[in-house]
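Listed below are the residues making up each chain.
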Amino acid sequence: MNDNHGGARAWGIVTACEYVGALAGAFIGTRWKPSRLVLAAAALPAAGAIPMFLMGVQAPWVVLAVATFIPGACTAIYYVFWTTALQNTFAPEVLVRVNSWNIIASYILMPVTVLAAGPLVQGAGPQAVVLGAGVLTALAVACSLLILRTAPRVLVTTSKGVGDVPVPS
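Residues numbered from 1 in each chain as written. Predicted model: local features only at pLDDT ≥ 70, side-chain atom pairs only at ≥ 80, totals over all residues. Heavy atoms only, no water.

Brief notes about the overall build of the chain
If you tally the helices and strands in the chain, you get six helices and two strands. The linear arrangement of helices and strands in the chain, starting from the amino end, is α-α-α-α-α-α-β-β. Evaluated residue by residue, the chain yields a buried proportion of 27% over its 169 residues. For the chain, the proportion of contacts with a sequence separation of at least 24, taken over those separated by at least 6, is 67%. Of the roughly 10700 Å² of accessible surface on the chain, 71% is carried by carbon and sulfur atoms. (Helix = DSSP H or I, 4+ residues; strand = E, 2+ residues; numbered from the N terminus. Buried < 20%, exposed > 50% of the residue type's maximum accessible area, 1.4 Å probe, protein only. Contact = heavy atoms within 4.5 Å. Areas by Shrake-Rupley, 256 points an atom, 1.4 Å probe, with all protein chains shown as cover.)

Laid out in structure tokens, this is it:
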């Protein structure tokens, strides 16, 4: 952002747009009820690649700011869907433990990526790193969707009722 892309002020606006998107996404998540909840949730993280690709091609900061609204919204919708899927799949007495393992898995890679970012940017350059991150994000989502689409579906009965969920083999 310091290389003729608006600097710290512009980055503040870009970041704020992501959180405005998250607020909108939370409202959308309370209303949208997709027929395949887990599949819809698995597709939403792909939106995170949008700002990465835009940063990689050095789009103007205004375009980046508008574009960050989308992954902000998709992240909030994802959390609503994922939490709903967990609550509909697991009994209340194990839900907290399942969610704890989910959180641990999510946080394990964060320090690794932060530690790797500096040397990667220094070695390959910022544009290559954000473009690579965008490609990896899209590939990860595509792999998840492929697995979910091909997984056999089973009926799961919990205290919340009966739900049709994919079970990877």
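As for the nonpolar core
Membership of the largest hydrophobic core is limited to nine residues, which are L37, A40, A41, L44, A47, C74, I77, F81 and A85. Those elements giving two or more residues to this core turn out to be α2 (37-43) and α4 (61-89). Here this core gets four residues from one element, more than from any other, and that element is α4. In this structure, C74 is in contact with L44 and A47, ignoring residues within four places of it in sequence. (Core = buried A, V, L, I, M, F, W, Y, C linked by side-chain atoms within 4.5 Å.)

Considerations on the packing of aromatic side chains
Enumeration over the complete set of coordinates arrives at three aromatic pairs. Ring plane angle 70° and centroid distance 5.4 Å describe the contact between Y78 and Y79, whose orientation is recorded as edge-to-face. With a relative accessible area of 22%, Y78 lands in the partly exposed category. Judged by its relative accessible area of 52%, Y79 falls in the exposed class. Arranged with centres 6.3 Å apart and planes meeting at 5°, the rings of Y78 and W82 form a pair that is stacked. On the criterion of helical spacing, the pair formed by Y78 and W82 is a turn pair, its members being four residues apart in helix α4. Judged by relative accessible area, which is 25%, W82 ranks as partly exposed. Each residue in the set Y78, Y79 and W82 is aromatic and connected to the rest through ring pairs, giving one cluster. (Phe/Tyr/Trp six-rings, centres within 6.5 Å; stacked < 30°, edge-to-face > 60°.)

Quick notes on a nonpolar patch on the surface
On the surface, a nonpolar cluster with roughly 520 Å² of combined accessible area is contributed by F53, V57, L131, V135, L136 and L139. The leading source of residues in the nonpolar patch is helix α6 (residues 126-150), at four residues. With respect to the helices and strands, V135 occurs in helix α6. Look at V135 and you get partly exposed, because its relative accessible area is 41%. (Patch = residues over 30% accessible without salt bridge, like charges linked within 9 Å, V, L, I, M, F, W, Y side chains within 5 Å. Salt bridge = Lys/Arg side-chain N within 4 Å of Asp/Glu carboxyl O.)

Worth remembering: the numbers are spatial, not functional.
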